[in-house]
Amino acid sequence: MGGSGTMAGADTAGPGAAAFIELDGVEKVFDVRKKTGFLKRERRRVRAVDGLSFTVARGEMVGYIGPNGAGKSTTIKMLTGILTPSGGRLRVAGIDPSRERTRLAQRIGVVFGQRTTLWWDLPLIDSYRLMHRMYRIPDARYRENLERCVELLQLGELLDVPVRQLSLGQRMRGDIAAALLHDPDVLYLDEPTIGLDVVSKTKVRGFLRDLNAERGTTVLLTTHDLQDIEQLCSRVMVIDHGRLVYDGPLAGLHEAGESERTLVVDLERELPPIEAPEPARVMRVEGPRQWLAFPASASAAGLVARIAAEYPLVDLSVREPDIESVIAKMYAERTSA
Ligand SMILES: Nc1ncnc2c1ncn2[C@@H]1O[C@H](COP(=O)(O)OP(=O)(O)OP(=O)(O)O)[C@@H](O)[C@H]1O
């Protein structure tokens, strides 16, 4: 998908693409009672999702991001049927999730990074056996999917280990396999790489990319890690205060917010600030370490090559901007335009 994204809600599933997930003016309002004093309670209405419209085509892999409290989890819960919308229309694979939650469960897989769907005290394989029965997965299909997940997610040695003894990265891979045993057409992932080390993140991302390419699984991915989006999604939707504020490629979001990445450079010794080609510039110097800011929509390759050619380089790393600052900048740009 090329070009820059659209600000505010728009359908970018593309002309002719069959919509697999469809939201039209979806709302979710919570009535919250707050104790404000002795015998005194205040009623407050929280509009968690506020007239949300978008479509996702079959086989798309879409990032769904936004600041804390923006309404992401509420959207996912409505898409699984756990929560009923207060208004609007919502369909997943032609099914109204809150009316036909059990039928929909056969078509979707859900992974919450912060919670596990596995049985804590049981060996991993026992959770899978229970799911085999719960979802009434035909034996051959169960065996085939289990084998594939065990191989690709490297779960072989972990199957007999109780879930509580698994590391976070191992458990996450276990959870992803659990969500895929029944061959869902769509996978919702809520922070699938949270708390994982670089190696585990790479494994999880590689697996998801292959799954999408080979099986055409539609993926909706919620994350605070922009590298998840960069490596997996050609499209990203940004939600804030329950509304869609951006829909398009990640590069377009960086352009809209003029966001910057940081190149952290370790030199052999303390030197004056690096003379970097515009628009890159040194933001901070601390001993032999220097921090350079450069546009997030640009590649780091040219800058790295130039520094490596002219300076005694020991090490370097690139840091992504965080989602909150990208969104804040996007707003600043819009209000000053
Ligand atoms: N069950 C609930 N009862 C009352 N208010 C709720 C409930 N669930 C969510 N909210 C409120 O709705 C808003 C959106 O919350 P939601 O959890 O969807 O945000 P989020 O984008 O997933 O945030 P985070 O990134 O922090 O997980 C917040 O103001 C939250 O406090």
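Residues numbered from 1 in each chain as written. Predicted model: local features only at pLDDT ≥ 70, side-chain atom pairs only at ≥ 80, totals over all residues.

A. Fine view of the overall build of the chain. Within the chain, the secondary structure is distributed over ten helices and 14 strands. Here the chain has a C-alpha radius of gyration of 22 Å; the compact-globule value for 337 residues is 20 Å, and the two agree. Once the C-alpha set of the chain is aligned to its principal axes, its extents read approximately 65 × 55 × 50 Å. (Helix = DSSP H or I, 4+ residues; strand = E, 2+ residues; numbered from the N terminus. Rg over C-alpha atoms; globule rule 2.2 N^0.38 Å.)

B. The arrangement of the sheet that holds strand 12 (residues 281-286) in detail. Across the sheet, which stays open at both edges, the four strands sit in the order 12-13-11-14 with antiparallel pairing between neighbours. Looking at strand neighbours, the two that pair on one side only are strand 12 and strand 14 (313-319), the edges of this open sheet. With strand direction ignored, the average angle separating the axes of adjacent strands in the sheet is 20°. Taken together, the five bridges between strand 12 and strand 13 (residues 289-295) define a ladder with antiparallel strand orientation. (Pairing = 2+ DSSP bridges. Axes fitted to C-alpha atoms, helices over the stretch in contact; angles between N-to-C directions.)

C. Region of the structure containing unusual backbone geometry. Residue P279 follows E278 across a cis peptide bond; omega there is 0°. The residue P279 is located in the loop between strand 11 (260-267) and strand 12 in this model. In this structure, D183 is a non-glycine residue whose phi angle is positive, near 55°. Residue position: D183 is located in the loop between helix 5 (168-180) and strand 7 (186-190).

D. Fine view of the domain arrangement of the chain. Domain parsing of the chain yields domain 1 (6-36 + 43-255) and domain 2 (260-320). Computed from C-alpha atoms alone, the centre-to-centre distance between domain 1 and domain 2 is 36 Å. (Domains from an automatic or database assignment.)

E. Geometry of the environment of L168. Inspection of the secondary structure assignment puts L168 in helix 5. Residue L168 is classed as partly exposed on the basis of its 13 C-beta neighbours within 10 Å. Linking L168 and D197, residues 29 residues apart in sequence, is a C-alpha distance of 9.3 Å. Beyond its immediate stretch of four places on either side in the chain, L168 contacts G195 and L196. (Buried ≥ 20, exposed ≤ 12 C-beta atoms within 10 Å, placed from the backbone. Contact = placed C-beta atoms within 7 Å.)

F. View of the confidence of the model for the chain. Averaged over every residue, the pLDDT of the chain is 87; the share at 70 or more is 92%. Confidence, expressed as mean pLDDT per element, reaches its minimum in the chain at strand 1 (residues 6-7) with 54 and its maximum at strand 5 (residues 87-92) with 96. A low-confidence stretch, residues 8-16 stays under pLDDT 50, and its non-local contacts, those more than four residues away or across chains, total 19 contacts. The ipTM assigned to the predicted complex is 0.96, against a pTM of 0.78. (pLDDT = per-residue confidence, 0-100.)

G. Spotlight on the nonpolar core. Formed by 67 residues in total, the largest nonpolar core has its most connected members in L221, M237 and V238. For this core, the element with the highest residue contribution is helix 5, accounting for six residues. Ignoring any residue separated from it by four or fewer positions in sequence, one finds M237 in contact with F54, V62, G63, Y64, L244, Y246 and D247. Among the nonpolar cores identified, the runner-up in size contains seven residues, and L263, V265, F294 and L303 belong to it. (Core = buried A, V, L, I, M, F, W, Y, C linked by C-beta atoms within 7 Å.)

H. Representation of the site of the ligand in the model. As a structural note, the neighbourhood of the ligand is formed by F30, V32, V46, A48, G66, N68, G69, A70, G71, K72, S73 and T74. At the level of secondary structure, the elements contributing two or more residues to the shell around the ligand comprise strand 2 (19-37), strand 3 (40-57) and helix 1 (72-80). With three residues, helix 1 is the largest single contributor of residues to the shell around the ligand. A per-class count over the shell around the ligand returns five nonpolar, six polar and one charged. (Near = placed C-beta within 6 Å. Nonpolar A, V, L, I, M, F, W, Y, C, P; charged D, E, K, R; others polar.)

I. Here's a closer look at the sheet that holds strand 3. The strand order 3-2-5 describes an open sheet built from three strands, whose pairing is antiparallel. The open sheet has two free edges, formed respectively by strand 3 and strand 5, since each of these has just one partner strand. Geometrically, the sheet is characterised by an average inter-axis angle of 30° between neighbouring strands, direction not taken into account. Across 15 bridges, strand 2 lies against strand 3 in antiparallel orientation. Considered in strand 3, the bridge of K34 is made with E42.

J. Here's a closer look at helix 1. Listing the buried residues of helix 1 in full gives K72, T74, T75, K77, M78 and L79. Of the residues trailing helix 1, G81 is marked for its positive phi of about 90°.

K. The packing of helix 5 against helix 6 (residues 198-215), seen in detail. Where helix 5 contacts helix 6, the two axes come as close as 10 Å, and the packing angle between them is 10°. The angle between helix 5 and helix 6 falls in the class roughly parallel. For helix 5 against helix 6, the interelement crossing comes out right-handed. In this structure, helix 5 uses G169, M172, R173 and I176 to contact helix 6, whose residues at the interface are S200, K203, V204 and F207. Tallied by class, residues from the contact of helix 5 with helix 6 come to four nonpolar, two polar and two charged. (Parallel < 35°, antiparallel > 145°, perpendicular 65-115°, else oblique. Left-handed = near helix turned anticlockwise from the far one by under 90°.)

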